[in-house]
Amino acid sequence: MQPRRSAFFPSSIDEAPASPGTVGAERLGVTTGARLLLAAWAAAVYLAYWLGYLGLR
Amino acid sequence: MIDALLLVLVLLAAAAGGLAVLRLMGALPEAEDERGLVGLAVGLGLAGALGLALAAVSALRPAPLGVAAALALALGGRDLVFAVRAAIRATNLRSAWPFLLVCAVVLAVEATAMLAPPIGGDQTKYHLVYPRLYAERGGLVATPWSFWGQMQFLPNFLFAIGFALRGDVLARFLNAMLGVLAALALSRLVGRRLGGPGAVAGALFFTLPITFSLMTRAGADLAVVLYGALAASALLDWMDTGRASDLRLVAVTAGLAGGSKVMGLLVPALAGLVVVVVLLRSELPVRRALGPVLAFGLLAFACASPCYVRNAVDTGNPLYPFGYSVFGGRHWSRAASEYLADYYEQYQTTYAARRDGAPYAGVELARFPWDLTMHPESFENAARQSLDVGPFALAFLPAVLLVRRRRRAVLLTAALGVAYASVIATAAWAHPRYVVPGVALALAAAVPAARTLLGARVFAAVVALTVAGNLALTSRLLRPLWSDQVRVATGRLAPNTFLRRHSPRFAFWERANAAIPPDGRVLVLEKVPHPYYIERPYVLASYLEQGLVDYRALREPAALATAARALGVTHVALDVSALDASGDPFETDVARLWRGFVGSETDLVLRADGFALYALRPASAFAARKAAARG
C-alpha cells in the first residue's frame, strides 16, 4: 500500500521533510543532541530493567 | 486433534461470517489482503454475540451452532476464498521468516500448556467458570450469588461456544487465537500505516512475557488488544482517505473492543474523540459532519452492547456491579460497593509495598510507566515476569519525536496508546494487564521510532536482544507446570493427576465432589472463590463478591443456616483460613459468623488442603415452624 495524503489532516504535525540536506546546521545540532539524549534514555531503561532481574538494582 | 479440527472449523465459519457482515455494512477493508485478518477478528467478536444470543434462548448447543456456521459459510464463503488468496499472494516471508519462526515456537509451547487442564489466574475464578456453566446447561444460568456471572463479555461467550462444542481445550485455543490475531493486527498497523517493520512489532508483542501469561490463561484482555489495534489501523486509513467504509470499520472494531471488557469501552471513546476532532478540523459544515459522527456512535454502540444489555436485563445495571451509584442493581448495595473499593485499595497497598511505594495518588501516577516496566510484580500477587511488558516501549516511545516518515500516524498511535493507559491507570486501576491494549499501541509506535533513532543495524541488534530477553524471561514462566503439561498433552500423565499435583483447590474439590450427592447443593464460604473445579450445584457466599447472602443483615449462625436452607443448600465448603481473617471489622464479623455457623449448624465431612466440607444439618422442627411462620 502506498503512503497516502490526508484528506482531513493537513496540519502542522503532518509529515516533515526527511532529507538531512534540507536541515539547517542549528537544527541538525539540536537533532543530534536529542538523538544522544533519547539513546541514553533507552540505554538507561534497558540497563535498569536487566539489573532488576539480576538483583543488582 | 479433534480440538484443532474444531478450531479450524470455528475459525473458517467466523471469518466467513465476519466478512459477510462487513460486506453487508459496507465496512470491508480496502486492502484485499487484510480482509481475512479483519474478517476473522470481527467474526470472532460476532460469534461471541451469537453465543450470548443462543444462550439467552437456551440454544447454546452444537446443532444450532452448526446451523449458524453453515449459514456463515454460505454467505461469506466466497469472500473468504478471495481473502485467503489475496493474503497468500501478499505474503512475503523474505525478511519476516525469523520472526514468524520464533513466534511459531512460542505458540507451540503455549498450545502444549493449553492441552492440560487450566490452573490459576482469573480463568478459574470467572473467565472459564460461567462459560462452562452456560455450555453445560445450554443457556444462561442465573448466578445472583456472584457478580462475576455478569462480568461475562464477548470473549467469554466465545469460550462458551468452545465448551458447548468440545471443552476447555477448544475454549483456550480460541483465547489464544485472539492473541495470534492481535500480534498480526499490530504487525499490519506498523507495517502498513506506520512505515516500520511489521514483523518486528508482531514478534516483540507476541514474545512478551505478559503475552505468554494472557495466552495460557483465558481472559478478555487479548481481545481488547486485537480490536484496539484494528480500530487504530482503520482510523488512520479513514484519516488518510475519508472513506465512509473505513469509518464504519473503526466503529465496528472499536465497538467490539468495548464489548469485550468494561475497560475496553475506552477504545470507542478515544476513537470517537479523534473522529470528532478530525471532522471539526475539516472544512465540512457541522451539519454534514454530524452524519458520520452519529453513524460511528450507533454502530460502535451496537457492536459493544450485547453483554451490557444482558446485564441491564438481569440486574438493572449494564455495568453491574460497577456504577451502582448511577444505575443501582439487584443483590448489591452501596455498602457492598464501598467495601469492594476498600478491598481493591487494600490489595493495591499490599503489593505496592514490593516497590516500596503506595497506591498512586495525583502526580505520583507519572511513576506508573517506570514501575510498570521495572516492578510489574508490585501490582498483583504474581512473579515479575508473568506481568512483564518488556523495556522496549518505555525505552523507545520518546523517540517518536524524531520520526519524520508517517509522522502523523506514528504520533497518533502513540497518543492513543498513552491515552488508553493513562485513563485506565487514573480512573480505573494502574495494573499491567489492564493497560496492555495501550502498551501494545505504544509498542507499535515505538518500533519505527527505535529504527529512526538507532539506524538499521543497531535497531536489528536491539530487536534481536529484546526478543531473546523476552524468551529467556518467558522460559522462567514454564516452571513448575510446563513439563507436566507436556506429559498430559502426550498422554503420559492423567489430567486429574496433573491437577492433584499442582492445585490444592482441585485436590480438595475432587474429594468434596465425591462426598456430595449429585442432587446436593454446596454453599461455598470463601472470600474470593475459584469455583472451576466444583462439579456439584453450588452457591457462592463470599462477603466481597455478592450481596444475595447479605452479611450486613445476617448476624446469627441460625439466620445464615435458614438463608442457606432456603437456597436448597445441603453442604457447606469452607476456606479454613477465612475463620481467622480479621483484615477489617466487617471481615472479623463474618469470620465470627462463619465460625459459629459451621460449629452449630453443620457436621464435618472432610478436611483437606486448607478447605473443609460440612453437611448442613436439617432444620429442627421448632426452627422449621419459626421459618415457615416468617416465610
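Just so it is clear, the structure is predicted and the values come from calculations on it, not from any experiment.

> Lay out the overall build of chain A with the relevant residues and their values.
Secondary structure summary: chain A contains 1 helix and 0 strands in total. For chain A, the residues scored as buried account for 5% of the 57 residues in total.

> I'd love a proper account of the overall build of chain B, names of residues and values included.
Counting its regular elements, chain B contains 27 helices and 5 strands. Against the 2.2 N^0.38 benchmark of 25 Å for 631 residues, chain B shows a C-alpha radius of gyration of 25 Å, consistent with a compact globule. In terms of its C-alpha atoms, chain B occupies a principal-axis envelope of roughly 80 × 55 × 50 Å. A buried classification covers 53% of the 631 residues belonging to chain B. A fraction of 71% describes how many contacts in chain B between residues 6 or more apart in sequence connect residues 24 or more apart.

> So what's going on with the environment of B:Gly316? Residues and values would help.
Residue and element names in this part refer to chain B. Mapped onto the elements, Gly316 comes out in the loop between α14 (306–315) and α15 (324–327). By the C-beta count within 10 Å, which is 13 here, Gly316 ends up partly exposed. Linking Gly316 and Arg330, residues 14 residues apart in sequence, is a C-alpha distance of 6.8 Å. Not counting the four nearest positions on each side in its chain, Gly316 is found in contact with Phe327, Gly328, Gly329 and Arg330.

> Can you tell me about unusual backbone geometry, naming the residues and giving the values?
Residue and element names in this part refer to chain B. Look at the link from Tyr320 to Pro321: it is a cis peptide, with omega at 5°. Looking at where Pro321 falls in the secondary structure, it is placed in the loop between α14 and α15. Although it is not a glycine, Ser58 sits at a positive phi angle of roughly 55°. Looking at the element boundaries, Ser58 is found in the loop between α2 (35–56) and α3 (62–90). For Asp609, which is not a glycine, the phi torsion comes out positive at approximately 55°. Topologically, Asp609 is positioned in the loop between β4 (602–608) and β5 (611–616).

> Describe the confidence of the model for chain A, with residues and values.
When pLDDT is averaged along chain A, the result is 68, and 46% of the positions lie at 70 or above. Contacts from residues 1–25 of chain A, a stretch scored under 50 in pLDDT, to residues over four places away or in other chains number 37 contacts.

> Provide a residue-level description of the sheet that holds strand β3 (residues 571–575) of chain B, including the pertinent values.
Residues and elements named next belong to chain B. Taken in spatial order, the 5 strands make up an open sheet running β2-β1-β3-β5-β4, and their pairing is mixed. Of all the strands in the sheet, the pair left with one neighbour each is β2 (538–540) and β4. Ignoring strand direction, the axes of neighbouring strands in this sheet form an average angle of 25°. Of the pairings in the sheet, the one linking strand β1 (residues 522–525) to β3 comprises 4 bridges and is parallel in character. From the neighbouring strand, Leu525 faces β3, where its bridge partner is Leu574. Packed onto the sheet, helix α26 (residues 585–601) meets β1, β3, β4 and β5 and runs at close to 140° relative to β3.

> Explain α3(B) residue by residue, including any values.
Residue and element names in this part refer to chain B. Given a rise of 1.5 Å per residue, 29 residues ought to cover 42 Å, yet the end C-alpha atoms of α3 are separated by just 36 Å, more than 12% below that figure. Maximum bend of α3: about 65°, positioned at Gly76. Regarding α3, the residues found buried are Leu65, Ala68, Ala69, Ala72, Gly76, Asp79, Leu80 and Ala83. In this structure, the buried residues of α3 make contact with α1 (2–25), α2 and α6 (154–165).

> Which residues make up the packing of helix α10 (residues 221–241) of chain B against helix α12 (residues 266–281) of chain B, and what values go with them?
All names here are of chain B. α12 packs onto α10 with a crossing angle of 10° between their chain directions and a minimal axis gap of 10 Å. In terms of their interaxial angle, α10 and α12 are classed as roughly parallel. Two secondary-structure elements touch here, α10 through Val224, Tyr227, Gly228, Ala231, Leu235 and Met239 and α12 through Val267, Ala271, Val274 and Val278. By residue class, the composition of the contact of α10 with α12 is 9 nonpolar, 1 polar and no charged.

> How would you explain the packing of helix α4 (residues 97–114) of chain B against helix α8 (residues 198–206) of chain B if you had to name every residue and give the values?
Residues and elements named next belong to chain B. With their axes 9 Å apart at the nearest point, α4 and α8 run at an angle of 20° to one another. In this view, α4 runs roughly parallel relative to α8, as classed from their interaxial angle. Helix-helix and strand crossings are classified by hand; for α4 and α8 the assignment is left-handed. Of the residues in α8, those in contact with Phe99, Leu100, Val102, Cys103 and Val106 of α4 are Ala199, Val200, Gly202, Ala203 and Phe206. Among the residues making up the contact of α4 with α8, the classes are represented as 9 nonpolar, 1 polar and no charged.

> Kindly report on the pairing of β5(B), identifying the contributing residues and their values.
Residues and elements named next belong to chain B. Of all 6 residues in β5, 5 are buried, a share of seventy percent or more. As paired elements, β3 and β5 share 5 bridges and run antiparallel to each other. Looking at β5, one finds that Val572 is bridged to Tyr614. Summarising the sheet, β4 and β5 pair through 6 bridges and their orientation is antiparallel. Looking at β5, one finds that Asp603 is bridged to Ala615. The antiparallel pairing of β4 with β5 creates a hairpin that spans 2 residues between the two strands, and Asp609 there sits at a positive phi of about 55°.

The rules behind the values
- Residues numbered from 1 in each chain as written.
- Chains lettered and ligands numbered in written order.
- Predicted model: local features only at pLDDT ≥ 70, side-chain atom pairs only at ≥ 80, totals over all residues.
- Helix = DSSP H or I, 4+ residues; strand = E, 2+ residues; numbered from the N terminus.
- Buried ≥ 20, exposed ≤ 12 C-beta atoms within 10 Å, placed from the backbone.
- Rg over C-alpha atoms; globule rule 2.2 N^0.38 Å.
- Contact = placed C-beta atoms within 7 Å.
- pLDDT = per-residue confidence, 0-100.
- Pairing = 2+ DSSP bridges.
- Axes fitted to C-alpha atoms, helices over the stretch in contact; angles between N-to-C directions.
- Expected span 1.5 Å × (residues − 1).
- Bend = angle between axes of the 7 residues up to and from the residue.
- Parallel < 35°, antiparallel > 145°, perpendicular 65-115°, else oblique.
- Nonpolar A, V, L, I, M, F, W, Y, C, P; charged D, E, K, R; others polar.
- Left-handed = near helix turned anticlockwise from the far one by under 90°.

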